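Letter by letter, the chains look like this.
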Amino acid sequence: MIDYREKCIALLHERGVDIKDIADCARFLQADYHVDLKMEELLDSVYSVLSKREVQHAIITAIELDKLAENKVMDDKELEDILLRDEGLYGVDEVIAYGICNLYGSIALTNFGFIDKKKYGIIAKLNEEGKNTGRCNTFLDDIVGAIAASAASRFAHRWVK
């Protein structure tokens with residue numbers, strides 16, 4: 001049996017994303033509410049999010065689409081061009097990210113919108129890398145943001161009294 005969580009971690013790593021980078025984004029989202037956050041707690045939330053099959057499928061699909069566009073092997077060259085440019089009106093990347101956030105409630109959705117707009121940490125790096133190097137991170141930056149937003153939401157829900 002395939003360990004999809006480990007496969008996703010390896011895919012993220014291959015694309016330049018460390019799990020600690022995602023936990024740092026989750027910390028950014030929770031820092032105003034929990035000043036004494038411990039990285040271990042946030043890593044636990046990230047790993048928990050990565051354990052969900054729906055999240056794993058989203059990661060695998062998103063990264064594959066980015067790679068296909070980047071390698072210029074898509075059959076639909078107009079779509080390939082849209083992905084390579086990370087066209088602003090193309091919203092399918094966000095829709096896949098919403099699918100992850102929907103598993104963790106409205107806090108995850110609002111967290112995702114916030115971090116997607118702010119482009120914090122690894123998300124900013126991925127976004128810029130996609131613009132300047134020929135690398136396609138159209139889906140990846142949103143997937144990473146959704147994982148961080150969901151991990152932050154999971155953390156927040158555990159602390160509500």
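Please refer to the structure placed before this passage.
Starting from 1, residues in each chain are numbered consecutively following that chain's sequence as written. The predicted origin of the model limits local features to residues at a pLDDT of at least 70 and limits the giving and counting of side-chain atom pairs to 80 or more, whereas totals for whole chains, interfaces and linings rest on all residues. By convention in this description, side-chain values take in all heavy atoms of the structure and omit both hydrogens and water.

Q: What exactly am I supposed to notice about the environment of His-157 here?
A: Elements are defined by DSSP. Helices are runs of H or I of four residues or more, strands are runs of E of two residues or more, and each kind is numbered from the N terminus. You can see His-157 is positioned in helix 9 (residues 140-159). For His-157 and Lys-7, which are 150 residues apart along the polypeptide, the C-alpha to C-alpha distance reads 27 Å. Two residues form a contact once any of their heavy atoms are found within 4.5 Å. The contact partners of His-157, leaving out residues within four places of it in the chain, are Tyr-104 and Ile-107.

Q: Hey, could you run me through unusual backbone geometry in this one?
A: Only a minority of non-glycine residues have a phi that is not negative, and only a minority of peptide bonds are not trans. Residue Asp-86 is not a glycine yet carries a positive backbone phi of 50 degrees. Examined against the element boundaries, Asp-86 turns out to sit in the loop between helix 5 (77-85) and helix 6 (92-101). Each residue gets one of three labels from its accessible area relative to the maximum for its type: buried under 20%, exposed over 50%, partly exposed in between, using a 1.4 Å probe on protein chains only. Taking relative accessible area as the criterion, Asp-86 reaches 27% and is therefore assigned partly exposed. Positive phi, normally seen in glycine, also occurs at Lys-119, with a value near 55 degrees. On the secondary structure map, Lys-119 appears in the loop between helix 7 (105-118) and helix 8 (122-132).

Q: Is there a simple way to explain the packing of aromatic side chains in this structure?
A: Two aromatic rings, taken as a pair, are described by how far apart their centres are and by the angle between their planes. Note on aromatic pairs: the rings of Phe, Tyr and Trp (six-membered ring only in Trp) are paired at centre separations within 6.5 Å, and the planes decide the class, stacked below 30 degrees, edge-to-face beyond 60, tilted for the rest. Here the structure, examined in full by the defined rule, presents four aromatic pairs. On the basis of an interplanar angle of 5 degrees and a centroid distance of 4.0 Å, the ring pair of Phe-28 and Tyr-120 is categorised as stacked. Taken together, the residues span a long stretch of sequence, with Phe-28 in helix 2 (residues 19-30) and Tyr-120 in the loop between helix 7 and helix 8 at a distance of 92 residues. Since its relative accessible area comes to 24%, Phe-28 is described here as partly exposed. Between Tyr-98 and Phe-112 the ring centres are 5.8 Å apart and the planes differ by 85 degrees, which places this aromatic pair in the edge-to-face class. Pair noted here: Tyr-98 is in helix 6 and Phe-112 is in helix 7, with a separation of 14 residues, a long-range link.

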